[in-house]
Amino acid sequence: MRMQLNSYILLHAFNFWIMSKKIEIRKRLHDINTFMSTADNETFLCGKDEYGKDFTLTFNTIELLEWLDTDYMKQQAKKYIKSL
């Protein structure tokens, strides 16, 4: 299953319109096993969803880099590691 998202929808809520009815699907990306960035400005994160099924997120690489606060993410990861 391949879902194409804009970077501001990184979290796990997806909205689809099916026959004029809005349906919300929530998914979590677990067990990330593949990362890839292409020369076409796409970044892929692949893994398994909460049910063990293959799941891929596709992002615009430039938007993803603008949106992510990697310094903050590193600080939070260090706090987590120190608390172990």
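Keep in mind the model is a prediction, meaning the values are calculated, not measured. (Residues numbered from 1 in each chain as written. Predicted model: local features only at pLDDT ≥ 70, side-chain atom pairs only at ≥ 80, totals over all residues. Heavy atoms only, no water.)

Caption draft 1: Representation of the overall build of the protein chain in the model. For the protein chain, the helix and strand inventory stands at two helices and six strands. Along the protein chain, from the amino end to the carboxyl end, the secondary structure elements read β-β-β-β-β-β-α-α. In the protein chain, 31% of the contacts between residues at least 6 apart in sequence involve partners at least 24 apart. Within the structure as shown, the protein chain displays about 6800 Å² of accessible surface, and the carbon and sulfur contribution to it stands at 56%. (Helix = DSSP H or I, 4+ residues; strand = E, 2+ residues; numbered from the N terminus. Contact = heavy atoms within 4.5 Å. Areas by Shrake-Rupley, 256 points an atom, 1.4 Å probe, with all protein chains shown as cover.)

Caption draft 2: Main features of the nonpolar core. Within the largest apolar cluster, five residues are counted, these being Leu-45, Phe-55, Leu-57, Phe-59 and Leu-64. Take this core: its biggest share by element is three residues, from strand β6 (residues 54–60). (Core = buried A, V, L, I, M, F, W, Y, C linked by side-chain atoms within 4.5 Å. Buried < 20%, exposed > 50% of the residue type's maximum accessible area, 1.4 Å probe, protein only.)

Caption draft 3: Quick peek at unusual backbone geometry. Backbone geometry places Asp-31, a non-glycine residue, at a positive phi of 50°. Among the residues examined, Asp-31 registers a relative accessible area of 54% and is labelled exposed. Of note in this structure, Asn-41 is not a glycine but carries a positive phi near 70°. Relative to the assigned elements, Asn-41 resides in the loop between β4 (30–37) and β5 (42–48).

Caption draft 4: Region of interest: the packing of aromatic side chains. On inspection of all chains with the given rule, the structure shows zero aromatic pairs. Cation over ring: Lys-27 sits above Phe-55, and NZ or CZ is 5.6 Å from the ring centre. (Phe/Tyr/Trp six-rings, centres within 6.5 Å; stacked < 30°, edge-to-face > 60°. Lys NZ or Arg CZ within 6 Å of the ring centre and 35° of its normal.)

Caption draft 5: Representation of helix α2 (residues 70–83) in the model. With 14 residues, α2 extends 20 Å from end C-alpha to end C-alpha; this agrees with the ideal 20 Å at 1.5 Å per step. Counted residue by residue, α2 has zero buried out of 14 residues, so it is predominantly exposed. (Expected span 1.5 Å × (residues − 1).)

Caption draft 6: Representation of the pattern of salt bridges. Applying the stated criterion across every chain, the model contains two salt bridges. We note a salt bridge from Asp-49 to Lys-27, for which the minimum N-O separation is 2.8 Å. In this pair, Asp-49 is assigned in the loop between β5 and β6 and Lys-27 in the loop between β3 (21–26) and β4, connecting sequence segments 22 residues apart. Accessibility expressed as a relative area gives 11% for Lys-27, which makes it buried. (Salt bridge = Lys/Arg side-chain N within 4 Å of Asp/Glu carboxyl O.)

Caption draft 7: Spotlight on the confidence of the model for the protein chain. In this model, the protein chain carries a mean pLDDT of 79, and residues with pLDDT of at least 70 account for 74%. Considering only residues more than four positions removed or in separate chains, one finds that residues 1–13, a stretch of pLDDT under 50, has 37 contacts. (pLDDT = per-residue confidence, 0-100.)

Caption draft 8: Structural context of the environment of Thr-61. Structurally, Thr-61 can be placed in helix α1 (residues 61–67). You can call Thr-61 buried: its relative accessible area is 15%. Residues Thr-61 and Phe-44, spaced 17 residues apart in sequence, show a C-alpha to C-alpha distance of 8.9 Å. Once you skip the residues sitting within four places of it in the chain, Thr-61 turns out to touch Ser-37, Asn-41, Glu-42 and Thr-43. A distance of 3.4 Å separates a polar atom in the side chain of Thr-61 from the backbone oxygen of Glu-42. (Polar contact = N/O pair within 3.5 Å; in protein donor to acceptor, adjacent residues only side chain to side chain.)

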